[in-house]
Amino acid sequence: KAGVTQTPRYLIKTRGQQVTLSCSPISGHRSVSWYQQTPGQGLQFLFEYFSETQRNKGNFPGRFSGRQFSNSRSEMNVSTLELGDSALYLCASSLTGTNEKLFFGSGTQLSVL
Amino acid sequence: AQKVTQAQTEISVVEKEDVTLDCVYETRDTTYYLFWYKQPPSGELVFLIRRNSFDEQNEISGRYSWNFQKSTSSFNFTITASQVVDSAVYFCALSTNDPSGNTPLVFGKGTRLSVIA
């Protein structure tokens, strides 16, 4: 069974640009959640999608958005990038939600210059 | 609000030593779930264990063991006879059930374990 796939693995952008990250969950998993990891703040929850609906959202500005498609694949978008958005963005999938075992992807390392 | 505290930022041990990673959690919900994840240098978090609030039984899996104590709100993780391959960052995490449904996973800051040969 293929694991959680995140693309791209590395990304370099400049301030003001926007970026889209992609996550393909394990087949059959309907819940996809996103986390931002930085050395200072650690792992912080961004949002969770289940069956194309956003079920939970973390405390991030509106520049951070996401969506989930009918095949459970998910994308997150960050507009008007700031230097502080540089982080490892991790996607995780599970059958039904965040109370069960999560399967994580290897992440997308975003650098904003 | 939920909170997870991992007071140990970094631990260094010599191979074959036992090591315990501490985790203290805070929640007002009576139904909750505790987790440990391992993050090797590759970056991908790997699930180790899940415990619900109604199951205080300790668990052992090979060299790994977990001690869950509701009285002290702790969920500590012990590695027996540590090996170099155990070197990683370990995260404790908490999720709860509140009236609105599942809450997102809240992570501690992590403990970086270095096992020296």
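Each remark here, short or long, concerns the structure printed above.
### Notes on the nonpolar core
Then, number 1: Grouped together as the largest cluster of nonpolar side chains are 24 residues, with contacts concentrated most on Trp-36, Trp-66, Phe-77, Tyr-90 and Leu-113 of chain B.
Then, number 2: Among the secondary structure elements, those contributing two or more residues to this core are strand 2 (10-14), strand 3 (19-21), strand 5 (32-39), strand 6 (46-52), strand 8 (64-69), strand 9 (74-79), strand 10 (88-98) and strand 13 (111-116) of chain B.
Then, number 3: Top element by residues in this core is strand 10 of chain B. It accounts for four residues.
Then, number 4: Beyond its immediate sequence surroundings of up to four residues, Trp-66 of chain B is in contact with Trp-36, Leu-48, Ile-49, Asn-58, Glu-59, Ser-61, Phe-75, Asn-76 and Phe-77 of chain B.
Then, number 5: Core analysis: the next-biggest nonpolar cluster, separate from the first, contains 21 residues, Leu-21, Leu-46, Tyr-49 and Phe-64 of chain A among them.

### Examining unusual backbone geometry
Residue and element names in this part refer to chain A.
Then, number 1: With an omega dihedral of -10 degrees, the bond running from Thr-7 to Pro-8 counts as a cis peptide bond.
Then, number 2: Mapped onto the fold, Pro-8 is located in the loop between strand 1 (5-7) and strand 2 (10-13).
Then, number 3: Look at Glu-52: it is not a glycine, yet its phi comes out positive at around 70 degrees.
Then, number 4: By the element assignment, Glu-52 lies in the loop between strand 5 (42-50) and strand 6 (53-57).

Basis of the calculations
Residues numbered from 1 in each chain as written. Chains lettered and ligands numbered in written order. Predicted model: local features only at pLDDT ≥ 70, side-chain atom pairs only at ≥ 80, totals over all residues. Heavy atoms only, no water. Core = buried A, V, L, I, M, F, W, Y, C linked by side-chain atoms within 4.5 Å. Buried < 20%, exposed > 50% of the residue type's maximum accessible area, 1.4 Å probe, protein only. Helix = DSSP H or I, 4+ residues; strand = E, 2+ residues; numbered from the N terminus. Contact = heavy atoms within 4.5 Å.

Read these as spatial facts, not as claims about activity.
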